[in-house]
Amino acid sequence: MTEKLVVLGSTGSIGTQTLEVCDNMKTIEIEALTAGSRIDILENQIRKYRPRLAAVMNEEKAAELKIRVRDTDTRVVSGEDGLLEAATIDKADTVLNSLVGNVGLKPTVCAINAGKNIALANKETLVTSGELVMKLVSEKGVNLYPVDSEHSAIFQCLRGNSGNKIKRLHLTASGGPFRGYKSLKGVSVDQALHHPNWDMGKKITIDSATMMNKGLEVIEAKWLFGVDVDDINVVVHPESIIHSMVEFEDSAVIAQLGMPDMRVPIAYALSCPERIANDFPKLDFFKIGRITFEKPDLNVFKCLKLALSAIDTGGTMPAVLNAANEVAVERLFSGDIELYQIAELIEKVMSAYTVKYNYSLSDIFEADSWAREYARNTEV
Ligand code: MG
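Residue numbering note: each chain is counted from 1, following its sequence as written. Selection of residues for local features in this predicted model requires a pLDDT of at least 70, selection of side-chain atom pairs for listing and counting requires 80 or more, and totals for whole chains, interfaces and linings are taken over all residues. No hydrogens and no water enter the side-chain calculation; it runs on all heavy atoms of the structure.

What to know about the layout of surface pockets
- Counted as a void, the largest pocket has a volume near 1000 Å³.
- The definitions used throughout rest on a 1 Å grid laid over the protein atoms alone, on which a cavity is an enclosed set of points accommodating a 1.4 Å probe that cannot get out and a pocket is an open set flanked by protein within 12 Å on both sides along at least five of seven lines; lining residues are those having an atom within 4 Å of a point. Lining the largest pocket are 50 residues; nearest its centre among them are Ser98, Leu99, Val100, Gly201 and Ile204.
- For the lining of the largest pocket, the secondary structure elements donating two or more residues are helix 1 (13-25), helix 6 (123-140), helix 7 (149-158), strand 8 (166-173), helix 9 (202-210), helix 10 (212-225) and strand 10 (242-248).
- For helices the rule is a DSSP run of H or I covering at least 4 residues; for strands it is a run of E covering at least 2, with both sets numbered from the N terminus onward. Residue contributions to the lining of the largest pocket peak at 5 residues, all from helix 9.
- Tallied by class, residues from the lining of the largest pocket come to 17 nonpolar, 22 polar and 11 charged.
- For the second largest pocket, the calculated volume is near 380 Å³.
- Around the second largest pocket sit 23 residues that line it, and Gln256, Val264, Arg275, Asn278 and Phe280 are the ones nearest its centre.
- Elements supplying a minimum of two residues to the lining of the second largest pocket: helix 7, strand 11 (253-257) and helix 11 (263-271).
- Considering only residue class, the lining of the second largest pocket consists of 12 nonpolar, 8 polar and 3 charged. Grid points are joined across faces, edges and corners, and a volume is the space filled by probe spheres set on the points. Just so you know the grouping, Ala, Val, Leu, Ile, Met, Phe, Trp, Tyr, Cys and Pro go in nonpolar, Asp, Glu, Lys and Arg go in charged, and all remaining residues, Gly too, go in polar.

The structure is reproduced here in structure tokens:
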């Protein structure tokens, strides 16, 4: 059970919902908050939660915030150093990392090294460096609680079953706004940003539309739960009621169900092993009526196929996949490429790359920079 919390990325979708969960739990003290540049929201959070430290990535915004909150006891720091200071601040027992992108990796590693438990919403940490990070987690004896709904579901299904071998993981996917499409050619960013079930940040919403999000989640699940990728089954389940399932050797399948509400997995990551009452919307089976399942179409959702091939290749390839995808999504938002070209761009970057095995964290950063550079300068 978390007592003193740091929220990295507190002004984003997961960050603000985390603070809502803390409001409900009442017992958690906020030690530090961080933001990229949204200082209006951060200022309100500082006044409400009175953290000892607030970090802002953008230097100018940090300077502005410093002036605005000089009547409080919160110290404002900036840039990557500030972010790392927040991630390792003394007294905090848990760091919730909801940063978006590969920028989330270093703070996770520093927090683990400082002996903090991690509530992990940042996907890139495990996608790019799962092997290294999981090793570090066990060396340091800290806990890693997944915040993502699918991984939280699996984590919950496994409780009480430790020691039993996992036969398969069934990772559910909503299928996004383009489920059933025969091609992603001609779809607009606007359409992609309207996710049928989940209200999330912009980058992850695009990743859900291309199903890259599910590919990244397969990679995370492999490292979190030590399961071969061949034993992870992606199941399209448009109603998003079953958040994922674990199949055991005796053919029993255990599922975790609930409304599509991120506050539930966030709360469990912070209260585990306890469960704290809340007034969030409850599941009404009669309203739902039926739930359905489909196979994902890998010929349409090529990003999912690419992610599976990247983890199959292994080594530094998932880091390259991830970086190429981040650049592709940026290029989509700037109007430079279309949604269907995201996969084309990633594929070009991956095939131009020579993978490295026996890698360290610095190799991951090198692979990441190489892939970004290549993805920015490649025509599709
Ligand atoms: Mg998810």
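After that view, the rundown keeps rolling.
Let's talk about empty space enclosed by the protein
- Throughout the structure, instances matching the rule amount to 1 cavity of 30 Å³ or more.
- Looking at the largest cavity, its volume works out to about 40 Å³.
- Leu120, Leu126, Leu144, Pro146, Val147, Asp148, His151, Glu220 and Leu224 together form the lining of the largest cavity.
- Elements with a minimum of two residues in the lining of the largest cavity: strand 7 (144-146) and helix 10.
- Looking at the lining of the largest cavity residue by residue, the classes come out as 6 nonpolar, 1 polar and 2 charged.

Focus on the sheet that holds strand 5 (residues 94-97)
- Here we have 7 strands laid out as an open sheet, ordered 4-3-2-1-5-6-7, and parallel in their pairing. Looking at the sheet topology across the chains shown, the edges are occupied by strand 4 (75-78) and strand 7. Ignoring strand direction, the axes of neighbouring strands in this sheet form an average angle of 20°.
- As paired strands, strand 6 (residues 117-120) and strand 7 are joined by 3 bridges and run parallel to one another. Its bridge partner lying in strand 7, Ile118 is registered against Leu144.
- Across the sheet, helix 4 (residues 79-87) lies against strand 1 (4-8), strand 2 (29-35), strand 3 (53-56), strand 4 and strand 5, angled at about 130° from strand 4, the strand it touches most.
- In this fold helix 11 packs onto strand 1, strand 5, strand 6 and strand 7, with an angle of close to 165° to the strand it touches most, strand 7. Paired strands, in this sense, are two strands between which DSSP finds at least two bridges. Axes here mean lines fitted to C-alpha atoms, for a helix over just the part in contact, with angles spanning 0 to 180 degrees between N-to-C directions. Whether two residues touch is decided by their heavy atoms; if any such pair falls within 4.5 Å, the residues are in contact.

Details of the coordination of the magnesium ion
- Water is not among the atoms examined, so metal sites may look incomplete; donors are the N, O and S atoms within 2.8 Å of the metal, or within 3.2 Å for Na, K and Ca. Surrounding the magnesium ion are the protein donor atoms Asp148 (OD), Glu150 (OE) and Glu217 (OE), at 2.1 to 2.4 Å.
- In primary-sequence terms, the residues that donate to the magnesium ion follow D-x1-E-x66-E. Taken as a pair, Asp148 in the loop between strand 7 and helix 7 and Glu217 in helix 10 lie far apart in primary sequence, 69 residues in all. Pair check on accessibility: Asp148 and Glu217 agree, each one buried. Note on classification: 1.4 Å probe, protein chains only; a residue is buried when its accessible area is under 20% of the maximum for its type, exposed when over 50%, partly exposed between these limits.

Digging into the packing of aromatic side chains
- Only centres within 6.5 Å qualify two rings of Phe, Tyr or Trp (six-membered ring in Trp) as a pair; their planes then separate them into stacked at under 30 degrees, edge-to-face at over 60, and tilted for everything else. Enumeration according to the criterion identifies 5 aromatic pairs in this entry.
- Consider the rings of Phe178 and Tyr181, whose centres lie 5.1 Å apart with planes at 65°: the pair is edge-to-face.
- Relative accessible area serves as the criterion here: at 31%, Tyr181 is assigned to the partly exposed category.
- Grouped by ring-pair contacts, the aromatic residues Tyr145, Phe155 and Tyr268 constitute a single cluster.

Examining the packing of helix 5 (residues 105-113) against helix 6
- At their nearest, the axes of helix 5 and helix 6 sit 10 Å apart, and the two run at 5° to each other. When the interaxial angle is binned, helix 5 and helix 6 end up roughly parallel. Residues Leu105, Thr108, Val109, Ile112 and Asn113 of helix 5 form the contact with helix 6, whose own contacting residues are Thr125, Thr128, Ser129, Val133, Leu136, Val137 and Lys140.
- For the contact of helix 5 with helix 6, the residue count by class is 6 nonpolar, 5 polar and 1 charged. Comment on the angle field: the value is read as roughly parallel under 35 degrees, roughly antiparallel over 145, roughly perpendicular from 65 to 115, and oblique elsewhere.

As for the domain arrangement of the protein chain
- Those domain boundaries reflect an automatic or database domain assignment. Here the protein chain is partitioned into domain 1 (3-147), domain 2 (151-259 + 268-301) and domain 3 (314-380).
- Between the C-alpha centres of domain 1 and domain 3 the distance comes to 26 Å.
- Counting from both sides, the interface comprises 11 residues of domain 1 and, opposite them, 11 residues of domain 3.
- Both faces combined, the contact of domain 1 with domain 3 buries some 920 Å², and carbon together with sulfur accounts for 67% of it.
- Among the residues of domain 1 in contact with domain 3, Asn102, Thr128 and Leu132 are the three that bury the most area, contributing 49% of the side total.
- Salt bridge, as used here, is a side-chain nitrogen of Lys or Arg placed within 4 Å of a carboxyl oxygen of Asp or Glu. Linking domain 1 with domain 3 are 0 salt bridges, by the criterion used here. A 1.4 Å probe defines the accessible area here, and the buried area is the portion of it lost by two parts on being joined, summed over both.

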